[in-house]
Amino acid sequence: MGRAVTAIPFLLVALFLSLGLPRCRSHQEFKGVAGTRTLLQEDTQKPEVHCSRERSRIAWKIIEDYLMPFVEQEKYQISNKCKLHHDNDMFREQEQHKIHVETNEWRCGFCKKSFRAEKFLDQHFDNRHYILLNDSQGRCLADLCGALHCDQMVESKRTKTKCNPAAAARNHHLCESLANSCFPTNQGHSASRLHEFFLRQFCDAHTCSAGKQPFSRGGKKQSSVFYLAVSILIMMLLPLFYLIVYLYQREMNKGIQVLKRIPKTGRKTKPS
Ligand SMILES: [Zn+2]
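Per an unreviewed UniProt entry, the recorded name for the protein chain is C2H2-type domain-containing protein, and the organism is Canna indica.

Given below as structure tokens:
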């Protein structure tokens with residue numbers, strides 16, 4: 001009975017974890033990739049890449065959180081001529097082959113090598129799988145950072161830098177050209193609605209006049225925050241549960257010992 005009781009929280013945690021917490025990709029997804037293509041290059045000349053992986057990642061996160069939910073809602077297909085299309089992010093294929101096994105373990109999806117931190121895996125991609133980094137066709141997502149408010153994303157908690165009207169105008173222009181190329185208003189109602197949405201969500205805030213905030217239309221619902229909160233709660237309640245079980249069992253054992261002692265002492269006092 002006691003063992004069954006102590007197993008309950010383990011089962012609960014296991015069930016919970018299998019439901020949603022680990023968001024790393026399964027190994028099967030990458031099966032065969034390394035076999036079909038030669039992805040390790042040590043002999044060929046490593047090209048210089050003039051595109052920030054980190055900023056591209058931020059730009060992608062913004063697209064994923066603040067644009068794609070609305071594009072999906074409209075069931076609209078972004079053309080690959082649009083700079084926001086995933087084909088135009090040179091790091092996308094590598095980023096999709098990152099396996100976050102646990103806190104201090106990152107694995108390369110191409111060759112299955114493990115690393116202690118994400119930055120070491122990034123270096124590994126740069127050194128060993130750079131054939132995927134083809135920036136010849138302007139596939140640098142980081143170039144769109146001005147329009148997409150990457151700095152705002154990073155510096156949201158730091159002190160704000162002074163607004164530069166020329167930079168704001170430049171970013172506004174870039175932003176509008178993205179809206180025009182990705183959501184051409186002559187391509188139906190969905191495209192028109194998304195064009196309008198894009199201007200409000202991203203472009204309006206490119207101004208030095210106060211009061212305009214980017215992502216005014218909101219973003220993806222953060223279900224992972226919910227999972228995190230629940231898991232923290234479980235982790236906090238788990239020791240308490242075990243303490244209660246421990247105390248309960250100790251009391252039970254005491255009771256048994258007392259019961260055992262009674263007949264013994266009873267026997268001793270018997271006159272022989
Ligand atoms: Zn690798």
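A. Inspection of the overall build of the protein chain at higher detail. A count of helices and strands for the protein chain gives eleven helices and three strands. Going through the 272 residues of the protein chain one by one, you find that 18% of them count as buried. For the protein chain, contacts bridging at least 24 residues in sequence account for 71% of all contacts bridging at least 6.

B. Representation of the nonpolar core in the model. Judged by nonpolar contacts, the single largest core of 28 residues is most densely connected at Ala59, Leu144, Ala147, Leu148, Cys175, Leu178 and Ala179. Secondary structure elements with two or more residues in this core: helix H3 (53-66), helix H7 (145-148), helix H9 (165-182) and helix H10 (188-203). Setting aside residues up to four positions removed in sequence, Leu148 forms contacts with Ala59, Ile62 and Phe202. Residues Trp106, Cys108, Phe110 and Phe125 belong to the second largest nonpolar core, which totals five residues.

C. Inspection of the pairing of strand S1 (residues 98-102) at higher detail. Note that S1 and strand S2 (residues 105-108) share four bridges and pair antiparallel. Residue pairing in the sheet places Glu102 in a bridge with Glu105 of S2.

D. View of unusual backbone geometry. Of note in the backbone geometry, Lys112 takes a positive phi value of approximately 65° without being a glycine. The phi torsion at Phe215 lies on the positive side, around 60°, for a residue other than glycine. Among the secondary structure elements, Phe215 is positioned in the loop between H10 and helix H11 (223-269).

E. Focus on the sheet that holds strand S3 (residues 114-115). Strand order in the open sheet formed by three strands is S1-S2-S3, with antiparallel pairing between adjacent strands. The two strands at the open ends of the sheet, each matched to only one other strand, are S1 and S3. Relative to S3, S2 runs antiparallel, the two being bridged by two bridges. Paired with Trp106 across the two strands is Phe115, which belongs to S3.

F. Geometry of the environment of Leu144. In this fold, Leu144 is placed in the loop between helix H6 (118-128) and H7. In this structure Leu144 comes out as buried when scored by C-beta crowding, with 24 C-beta atoms within 10 Å. Taking the C-alpha atoms as reference, Leu144 lies 8.8 Å from Asn171; in sequence the two are 27 residues apart. Aside from chain neighbours lying at most four places away, what touches Leu144 is Ala59, Lys83 and Leu178.

The rules we used
- Residues numbered from 1 in each chain as written.
- Predicted model: local features only at pLDDT ≥ 70, side-chain atom pairs only at ≥ 80, totals over all residues.
- Helix = DSSP H or I, 4+ residues; strand = E, 2+ residues; numbered from the N terminus.
- Buried ≥ 20, exposed ≤ 12 C-beta atoms within 10 Å, placed from the backbone.
- Contact = placed C-beta atoms within 7 Å.
- Core = buried A, V, L, I, M, F, W, Y, C linked by C-beta atoms within 7 Å.
- Pairing = 2+ DSSP bridges.

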